[in-house]
Amino acid sequence: MTAESTPPPLPKLAVIAREAGVSVATVSKALNGRSDVSAHTRRLVADVLERRGYPRQRLKQRRGSLVDVMLQGLDSPYALAVLGGVEDAAWRLGIDVVVSSVTGRTKNGRPPAAWLDRMSARDSAGILLVRTAPTASQRSWLTDRGIPAVIVDPRREPPPGVPVVVSANQAGARSAVEHLVGLGHRRIAVVTGRPGVPCAVERLAGYREAMAGAGLPVDPRWEVCGNFRGEEALRATRELLDRLPDPPTAVFACSDAMAAGVCQALAERGHRVPEDVSVVGFDDSVAGTHVTPPLTTVRQPWNGLGAAALTALLSADAPARVELPTTLVVRASTAAPR
């Protein structure tokens with residue numbers, strides 16, 4: 001090993017403790033890979049070592065040196081963005097990531113049974129489930145072996161005892177509708193996601209909360225379901241326009257894909273966006289930037305969800321729910337009503 005590649009001597013524990021803001025005993029535990037040290041604390045110690053030129057790889061890992069990530073599908077830009085956040089955080093901690101996909105292997109979107117045996121053989125430190133969840137028997141298998149699991153953006157109610165990491169869906173939806181109210185809109189419709197999906201339930205609740213807070217009626221006639229699909233949102237918006245005596249001056253779509261369907265239906269009826277009807281989406285996806293005009297939307301912290309999920313997975317005292325804030329992104333699809 002050359003002099004240039006030789007790391008400097010390990011700083012004194014007291015120095016590391018002072019710069020990391022933790023105790024000397026905690027630093028010692030982190031350096032020796034103790035499992036009762038949270039991922040956040042390990043990262044603080046690792047940051048100090050990196051600043052002083054000491055390789056992160058020399059920081060010992062807790063049980064296993066890798067984590068498993070199970071995605072509902074590799075064709076989802078959202079899931080891949082979450083995975084990017086996981087990989088970035090894992091690199092900082094010197095942990096390897098094994099990625100598996102549910103798509104095409106089960107009919108119910110749940111992890112296949114054989115996956116557990118493979119994960120056990122790898123001595124995985126834990127499992128992150130992105131938009132999927134273990135069955136009751138799989139959850140029992142993980143619990144019996146002391147393997148932690150965290151669910152990111154669950155598609156159904158998570159099993160008891162499994163931490164979840166989500167965006168602030170209700171607050172994000174509320175900010176979208178409050179933006180429309182602030183522009184002067186009073187006839188605001190909503191195109192909801194798939195019934196029973198937690199994020200869809202929360203976004204509809206945010207819409208209703210904002211409407212009630214502005215003193216506007218919460219009327220079921222102004223609510224239609226698009227099931228998170230553009231083509232279904234197109235049909236739902238057509239039905240909405242057919243049954244309302246006066247068209248809405250604004251529509252909140254609970255995903256960008258559905259917002260694209262809303263815009264298509266409005267164009268078919270001769271309504272211009274935003275001159276006649278303002279439209280807001282949710283996700284801040286690539287699809288939203290390709291809509292004409294560019295879509296006002298609610299941005300989800302996809303990378304942050306992945307990083308937060310890994311932190312929770314490796315933490316000795318992970319909270320039951322981690323909720324990250326969303327951001328309203330105002331573009332050209334919203335304006336004051338005429």
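Just above sits the structure.
Criteria and cut-off values
Residues numbered from 1 in each chain as written. Predicted model: local features only at pLDDT ≥ 70, side-chain atom pairs only at ≥ 80, totals over all residues. Heavy atoms only, no water. Buried < 20%, exposed > 50% of the residue type's maximum accessible area, 1.4 Å probe, protein only. Helix = DSSP H or I, 4+ residues; strand = E, 2+ residues; numbered from the N terminus. Arc of directions from axis to C-beta. Pairing = 2+ DSSP bridges. Axes fitted to C-alpha atoms, helices over the stretch in contact; angles between N-to-C directions. Contact = heavy atoms within 4.5 Å.

### Things to note about helix 6 (residues 136-144)
In step 1: Listed as buried for helix 6 are Gln138, Arg139, Trp141 and Leu142. Each buried residue of helix 6 lies within a common arc of 160° when the element is viewed along its axis, so the set occupies one face. Residues of helix 6 that are exposed and point over 90 degrees away from its buried face: Ala136, Ser137 and Asp144.
In step 2: At the C-terminal side of helix 6, Gly146 shows a positive phi close to 70°.

### What to know about the sheet that holds strand 6 (residues 188-192)
In step 1: An order of 7-6-8-9 is seen for the four strands of this open sheet, with the pairing classed as parallel. A strand with exactly one partner marks an edge of an open sheet, and here the two such strands are strand 7 (223-225) and strand 9 (278-280). Direction aside, neighbouring strands of the sheet carry axes that sit 20° apart on average.
In step 2: Of the strand pairs in this sheet, strand 6 and strand 7 are connected by three bridges, and their pairing is parallel. By the bridge assignment for strand 7, Thr192 is matched with Cys225.
In step 3: Most of the contacts of helix 9 (residues 230-243) go to strand 7, to which it runs at about 150°, and overall it touches strand 6 and strand 7.

That's the geometry; what it means functionally is another story.
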